[in-house]
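# Understanding the architecture of this molecule
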Amino acid sequence: MNAVAAPAAAEPPVVVAGASMAGLRTAEQLRAAGWRGPVVLVGDEPHMPYNRPPLSKEALAGDASFGSLTFLPRASVADVRWRLGTRVVAADLDRRTVTLDDGGTLTYAGLVAATGMRARRLPCPGPRRGRHTVRTVADARGLRAALARPGGRVVVIGAGFIGCEVAATALALGAAEVTAVDPLPLPMVGPLGELLAKALLDRHERRGVRFALGAQVTGFEGDDRVTGVVLADGTVLAADVVVESVGSVANTEWLDGNGLDLTDGVLTDEHLRVGGRPDVVAVGDIARFPNARYDEVARRVEHWSIPTDTAKHAARVLTAHLTGTGTGSGTGITVEPFAPLPTFWSDQHDFRLQSFGAPALGQDDVRVLDGDPAGDFLAGFHRDGRLVGVVSLGGRSTSAAAARHRAELLAQPALGAGSSGGPK
């Protein structure tokens, strides 16, 4: 009698924890890099991955449907398994397992941390009804319904990118009053510096947005829903709608207990590997990585370009490890250290902010490269005499001027350790 062979054990998948843009792009790039094994994407939202920037602009204004924001996956990931509406709650990196909120467990060959961020909320006393954030499709739907009633009084807490975009959109939708509150002296002064922040403030004020700068929110008035925002000096800003745009919190709790540095996102090396483990990488705005283009300092970058940039690099690194296609040099990879050129834009009212590079690193030496701060202009940010970023403020021609400097920024040699002469 012939022996019957036992069925082969199923090949463990690459598990992508997080089914947003970064997760989708990583799955696509795994296939592009040559990984032919199974891939499972786990995401807590019930939706397929979608484009988030329009949530505070076109989709919020009603110029784009929420359905139109969904990304169309490439044919290469048609065999990927999706676990939507499911959250990863824990991981054991030694045993190579992740635990899901339904009690299930997945064993992985490789793990991608792509769980991103969630909106930070103010821990202030007062009612919760009437207070909104803008991070998910559900958030934006609720806020759009609230702003659909014209003549309302809107208070936006936080004058960063999202806060300024929402303030502009609310005014365009017919709000009677829009006030932006921020503890800093100027809107977006952190990433942009004083020159651009002053120009931005002037543009918003001329279009009707009010500002309460250098102000702290201490509470909210109202019974069952918010009717006012209380400031530290006792001022109460009447409000029918409140938007909390006060930053974000990294979704890293599921990685607790693995000895990782989770103080600000997930710390990685110059190849996006986590905790010295070749089988675990981090992508998107949860990843805190050194950018060899600038220096050895690890930073998180919440720009639209980063999910795609990190996905491409991390997928190549992970695939090289899983398939054994490295050089045998000890790194297990054949790619250069990660050196992306961060890119963002922000549409507000009838003008656009367009940035290439890392302007925050060059705020001690800001030069007007084109135009005039009283109108449309282009600013260059320099560190040690080297151009590290450009930001334009104005119309299409000014954005095009910024784009022309992109090639110059890309052509510059990387400065970070390991960017040359190290193992490749």
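Above: the structure in question.
Here goes a summary of the coordinates provided.

So, how was this worked out
- Residues numbered from 1 in each chain as written.
- Predicted model: local features only at pLDDT ≥ 70, side-chain atom pairs only at ≥ 80, totals over all residues.
- Heavy atoms only, no water.
- Helix = DSSP H or I, 4+ residues; strand = E, 2+ residues; numbered from the N terminus.
- Rg over C-alpha atoms; globule rule 2.2 N^0.38 Å.
- Areas by Shrake-Rupley, 256 points an atom, 1.4 Å probe, with all protein chains shown as cover.
- Lys, Arg positive; Asp, Glu negative; His and termini not counted.
- Charge placed at Lys NZ, Arg CZ, Asp CG, Glu CD.
- 1 Å grid on protein atoms, 1.4 Å probe; cavity = no way out; pocket = protein on both sides within 12 Å on 5 of 7 lines; lining within 4 Å.
- Points joined across faces, edges and corners; volume = space filled by probe spheres on them.
- Nonpolar A, V, L, I, M, F, W, Y, C, P; charged D, E, K, R; others polar.
- Pairing = 2+ DSSP bridges.
- Axes fitted to C-alpha atoms, helices over the stretch in contact; angles between N-to-C directions.
- Buried < 20%, exposed > 50% of the residue type's maximum accessible area, 1.4 Å probe, protein only.
- Polar contact = N/O pair within 3.5 Å; in protein donor to acceptor, adjacent residues only side chain to side chain.
- Contact = heavy atoms within 4.5 Å.
- Salt bridge = Lys/Arg side-chain N within 4 Å of Asp/Glu carboxyl O.
- Expected span 1.5 Å × (residues − 1).
- Phe/Tyr/Trp six-rings, centres within 6.5 Å; stacked < 30°, edge-to-face > 60°.
- Lys NZ or Arg CZ within 6 Å of the ring centre and 35° of its normal.

## Regarding the overall build of the chain
Looking only at helices and strands, the chain features nine helices and 27 strands. By the compact-globule yardstick of 22 Å for 424 residues, the chain fits well, its C-alpha radius of gyration being 23 Å. A principal-axis box enclosing the C-alpha atoms of the chain has dimensions of 85 × 55 × 35 Å. Carbon and sulfur atoms make up 50% of the accessible area of the chain, which totals about 18400 Å². One finds the centroid of the 44 positive side-chain charges in the chain at a distance of 4 Å from the centroid of its 46 negative side-chain charges.

## Points about empty space enclosed by the protein
Overall, the coordinates contain one cavity of 30 Å³ or more when judged by the stated rule. Looking at the largest cavity, the residues that line it are A146, L147, R149, P150, G151, G152, V154, L173, G174, A175 and V241. A class-by-class count of the residues in the lining of the largest cavity yields seven nonpolar, three polar and one charged.

## Comments concerning the sheet that holds strand β24 (residues 351–357)
Strand pairing in a sheet takes place through backbone hydrogen bonds and is either antiparallel or parallel in direction. Here five strands make up an open sheet; going across it, the order is β23-β24-β27-β26-β25 and the pairing antiparallel. The sheet is open, and its two borders are formed by β23 (343–348) and β25 (366–371), each paired with just one other strand. Taken over all neighbouring pairs, the strand axes of this sheet differ in orientation by 15° on average, direction set aside.

## Brief notes about the side chain of Q354
With respect to the helices and strands, Q354 occurs in strand β24. Relative accessible area serves as the criterion here: at 9%, Q354 is assigned to the buried category. Reaching out from Q354, the side chain makes a polar contact with the backbone oxygen of F344 at a distance of 3.2 Å. The residues touching Q354, leaving out its near neighbours within four places in the chain, are T343, F344, W345, V390, V391, S392, S399 and A402.

## Examining the pairing of strand β14 (residues 228–231)
Neither face of β14 is open: one carries G228 and V230, the other V229 and L231, and all of them are buried. Where strand β13 (residues 217–221) lies against β14, four bridges are found, and the strand directions are antiparallel. Each residue of the ladder has a partner; that of V217, found in β14, is L231. Where β13 folds back onto β14 in an antiparallel hairpin, the turn is made up of six residues, including G222, whose phi is positive at roughly 130°. Inspection of the sheet shows β14 paired to strand β15 (residues 236–238) by three bridges, in the antiparallel sense. Bridge pairing in β15 places V230 opposite V236. Between β14 and β15, which pair antiparallel in sequence order, lie four residues; one of them, G234, sits at a positive phi of approximately 95°.

## Comments concerning the side chain of T86
Counting through the fold element by element, T86 comes out in the loop between β3 (81–84) and β4 (88–92). Relative accessible area serves as the criterion here: at 9%, T86 is assigned to the buried category. Among all residues touching T86, those that are not within four sequence positions of it are V42, G43, D44, L100, D101 and D102.

## Remarks on the sheet that holds β3
Taking strand neighbours across the sheet as the criterion, the six strands line up as β3-β2-β1-β7-β20-β19 in an open arrangement whose pairing is mixed. In this open sheet, the two strands that pair with only one neighbour each are β3 and β19 (273–274). Sheet analysis places strand β2 (residues 39–43) next to β3, joined by four bridges and oriented parallel. Looking across to β3, one finds that L41 is bridged to W82. Packed onto the sheet, helix α7 (residues 306–323) meets β1 (14–17), β7 (110–113), β19 and β20 (277–282) and runs at close to 160° relative to β20.

## Things to note about the pattern of salt bridges
Inspection of the entire model under this criterion finds 28 salt bridges. Two residues, R203 and D376, come together in a salt bridge whose shortest N-O distance is 2.8 Å. Separated by 173 residues along the polypeptide, R203 in helix α6 (residues 194–206) and D376 in the loop between β25 and β26 (377–383) bring together distant segments of the chain. The exposure class of R203 is buried, given its relative accessible area of 7%. Ionic pairing is found between D347 and R352, a salt bridge with its closest N-O pair at 2.6 Å.

## Let's talk about helix α1 (residues 21–33)
In this model, α1 (13 residues) spans 18 Å end to end at C-alpha, consistent with the 18 Å of a helix rising 1.5 Å per residue. Among the 13 residues in α1, eleven count as buried, and that is most of the element. The set of residues buried in α1 consists of M21, A22, G23, L24, R25, T26, A27, E28, Q29, L30 and R31. In this structure, the buried residues of α1 make contact with β1, β2, β3, β7 and α7.

## Digging into the packing of aromatic side chains
Tallied over the full model, the rule gives three aromatic pairs. One Lys or Arg, R25, reaches over the ring of F71 and ends 4.8 Å from the middle of that ring. Sitting over the face of the ring of F351, R203 holds its NZ or CZ atom 5.2 Å from the ring centroid.

So yeah, pure geometry; function would need other evidence.
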